[in-house]
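If you want the building blocks of each chain, they are given just below.
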Amino acid sequence: MAESRTIGVFGAGWVGLVTGGCFAELGHRVIVRDVMPERIEALRAGELPFHEPDLPEVLERNRERITYTLDAGDLVGADAIFVCVQTPPTYSGDADLSFVWSALDDLPASDERQILVMKSTVPVGTGDKVRAALEGRGLSNVGYVSNPEFLAEGRAVRDFLNPDRIVVGAFAEEDGAAVEALYGGIEAPVVRTDVASAEMIKLAANAFLMTRISFINEIANVCEAVGADVVEVAKGIGLDHRLGPHFLRAGIGYGGSCFPKDSLALKQLASNSGYHFQLLAAVIEVNELQKRRVIQKLQKHLGKLRGKKIALLGLAFKAGTDDMREAPSLVLASRLLAEGAEVRAWDPVARPGKLIKGAVLHATVLEAVRDADAAVIVTEWDELRGLASKDVRDAMARPLIIDGRNLLDPAAARAAGFAYEGIGRPSSPFEGLPQTAEPEAKVSN
Ligand code: UGA
């Protein structure tokens, strides 16, 4: 167990609350500060603004040790202050650090040595800039440490408490040691390094994971052309211990609040330094094209999509979260609407609000697929594993399933009377479907 310390957290978002909650779980006292009064009030009332498994329990269990505040002054005396604010991309593709700078402006003055710890994903070189800004403000008693998060949504608490590694990049040895000590009680290799390398580890790890996804998606596209099955291929590749089985699930591309943003930031960081990161540029492009391939699969079976009813099953960028940021569902819905299709949607937790204008959200899968010409599995929700059922087939106008996550067994789906298209798997014969007439063109006065 770690010696109990006081930890401040700037930002009551997803990273901030997971970080704060898990440090409290390790026995520390935690003060979480945010600038949004309604967020702080809700947290004090025990309400979480997003869906993250295990986090409500962790926050509740450690309620006595966690304080939520609007006042940055309450962080005076904290041994370490974790910066967990957003770093969204700017128009130029660089990361917007304005939330980091305002956290710095709000940093309470203290006579004691304090350590500012960067958890947010930031461009390499941010540590140097923050160090200079601290010096410029006469805050040389504030240390700086880069301690990137490697949390995946839907399993963030588990990732925090059972990490593959903890990365600590520091300017001063004593600050690195102090941050490492906060993780006492967690069994994991600790990578102690310089600040720039720590910043780069985070960006490079995400870029490599994305590279694997775009790689397997391209292999999937070739599999389709040559009659191989990417699920079998991924299994065969993944058993090579040098390659491993992870992040080899072919599908309709990656999304979320991290990968798309971080890939652009790294590409931009490289080009700002005069280097054209060709491989990363291709990874990003492959991902964009991958989302759109679903449209071609639909057209193959349905011809023109104008007037066709398409059910998008799953809206979140992956299962286990309500997050729709950069979700493939957004691109798909917009493309379908642009083709003139009627889009219905279902998701167990994600609520699109104004994100998808023109699509109708349904409460159940069965409602969403009623009279539909096709059902597209967009998110790998467990609820969709039984999609190839008699009820669904009877409800649909045409029994066509496009499985964007290779969630179903193709043979079983076909045996249940569906035309089935996965990603990178042998495709359904096109004549399996009853044809319907094109809708009449509307005559306007
Ligand atoms: C990702 C990383 O996994 C975390 O390690 C990292 O800390 C986090 O970004 C971050 O930078 O904060 P996350 O975005 O929550 O976490 O989600 P992942 O589970 O990594 O999935 C990302 C996307 O890749 C999803 O759209 C998922 O569907 C897709 N994916 C993943 C595939 O298409 N195929 C795969 O084999 C794996």
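Use the structure listed above.
Throughout what follows, the structure given in this document is the object of discussion. Note that the coordinates shown come from a computational prediction; the quantities given were computed from them, not determined experimentally.

**Considerations on empty space enclosed by the protein**
At step 1: Applying the stated rule across the entire model yields two cavities of 30 Å³ or more.
At step 2: There is about 60 Å³ of room inside the largest cavity.
At step 3: Lining the largest cavity we find 13 residues, and of these Thr87, Ala95, Lys261, Asp262 and Ala265 sit closest to its centre.
At step 4: It is helix α10 (residues 259-272) that contributes the most residues to the lining of the largest cavity, three residues altogether.
At step 5: Mapped onto the domain boundaries, the lining of the largest cavity takes at least three residues apiece from domain 1 (6-193) and domain 2 (194-445).

**A word on the layout of surface pockets**
At step 1: The computed volume of the second largest pocket comes to approximately 1200 Å³.
At step 2: Forming the walls of the second largest pocket are 48 residues, and the residues nearest its centre are Val85, Gln86, Thr87, Ser257 and Arg325.
At step 3: Those elements giving two or more residues to the lining of the second largest pocket turn out to be α1 (14-25), α4 (98-105), α10 and α11 (278-302).
At step 4: Across the lining of the second largest pocket, the residue classes tally to 21 nonpolar, 13 polar and 14 charged.
At step 5: Both domains that furnish three or more residues to the lining of the second largest pocket are identified here as domain 1 (6-193) and domain 2 (194-445).

**Structural notes on the nonpolar core**
At step 1: Counting 57 residues, the largest nonpolar core has Leu298, Leu313, Leu336, Val369, Val376 and Leu387 as the members making the most contacts within it.
At step 2: The contact partners of Leu336, leaving out residues within four places of it in the chain, are Ile295, Leu298, Leu305, Ile310, Leu312, Ala341 and Val343.
At step 3: The next biggest cluster of nonpolar side chains, apart from the first, holds 39 residues, and it includes Ile7, Phe23, Val30 and Leu55.

**Notes on α1**
At step 1: The end-to-end C-alpha distance of α1 is 16 Å, a good match for the 16 Å that twelve residues give at a rise of 1.5 Å each.
At step 2: Across the twelve residues of α1, eleven count as buried, placing the element largely inside the fold.
At step 3: Those residues of α1 not exposed but buried are Trp14, Val15, Gly16, Leu17, Val18, Thr19, Gly20, Gly21, Cys22, Phe23 and Ala24.
At step 4: Looking one or two residues past α1, Gly27 carries a phi angle of roughly 105°, positive in sign.

**Let's talk about the environment of Ala415**
At step 1: Structurally, Ala415 can be placed in helix α15 (residues 410-415).
At step 2: As a C-alpha pair, Ala415 and Leu313 span 102 residues in sequence and 21 Å in three-dimensional space.

**Notes on helix α8 (residues 195-226)**
At step 1: Between its first and last C-alpha atoms α8 spans 47 Å; for 32 residues at 1.5 Å apiece the expected length is 46 Å, and the two agree.
At step 2: The distance from a side-chain oxygen at the start of α8 to the backbone nitrogen of Ala196 is 3.4 Å, and the residue carrying that oxygen is Asp194.
At step 3: The first or second residue beyond α8 is Gly227, which carries a positive phi of 85°.

**Quick word on the sheet that holds strand β10 (residues 342-346)**
At step 1: Pairing within the open sheet is parallel, and its six strands lie in the order β11-β10-β9-β12-β13-β14. The sheet is open, and its two edges are formed by β11 (360-361) and β14 (419-421), each paired on a single side.
At step 2: Bridging between β10 and β11 involves two bridges; their strand directions are parallel. When the bridges of β11 are listed, Ala345 appears paired with Leu361.
At step 3: Contacts between α11 and the sheet are confined to β9 (309-313), β12 (374-377), β13 (400-403) and β14, with β13 contributing the most and set at about 160° to the helix.

Calculation notes
Residues numbered from 1 in each chain as written. Predicted model: local features only at pLDDT ≥ 70, side-chain atom pairs only at ≥ 80, totals over all residues. Heavy atoms only, no water. 1 Å grid on protein atoms, 1.4 Å probe; cavity = no way out; pocket = protein on both sides within 12 Å on 5 of 7 lines; lining within 4 Å. Points joined across faces, edges and corners; volume = space filled by probe spheres on them. Helix = DSSP H or I, 4+ residues; strand = E, 2+ residues; numbered from the N terminus. Domains from an automatic or database assignment. Nonpolar A, V, L, I, M, F, W, Y, C, P; charged D, E, K, R; others polar. Core = buried A, V, L, I, M, F, W, Y, C linked by side-chain atoms within 4.5 Å. Buried < 20%, exposed > 50% of the residue type's maximum accessible area, 1.4 Å probe, protein only. Contact = heavy atoms within 4.5 Å. Expected span 1.5 Å × (residues − 1). Polar contact = N/O pair within 3.5 Å; in protein donor to acceptor, adjacent residues only side chain to side chain. Pairing = 2+ DSSP bridges. Axes fitted to C-alpha atoms, helices over the stretch in contact; angles between N-to-C directions.

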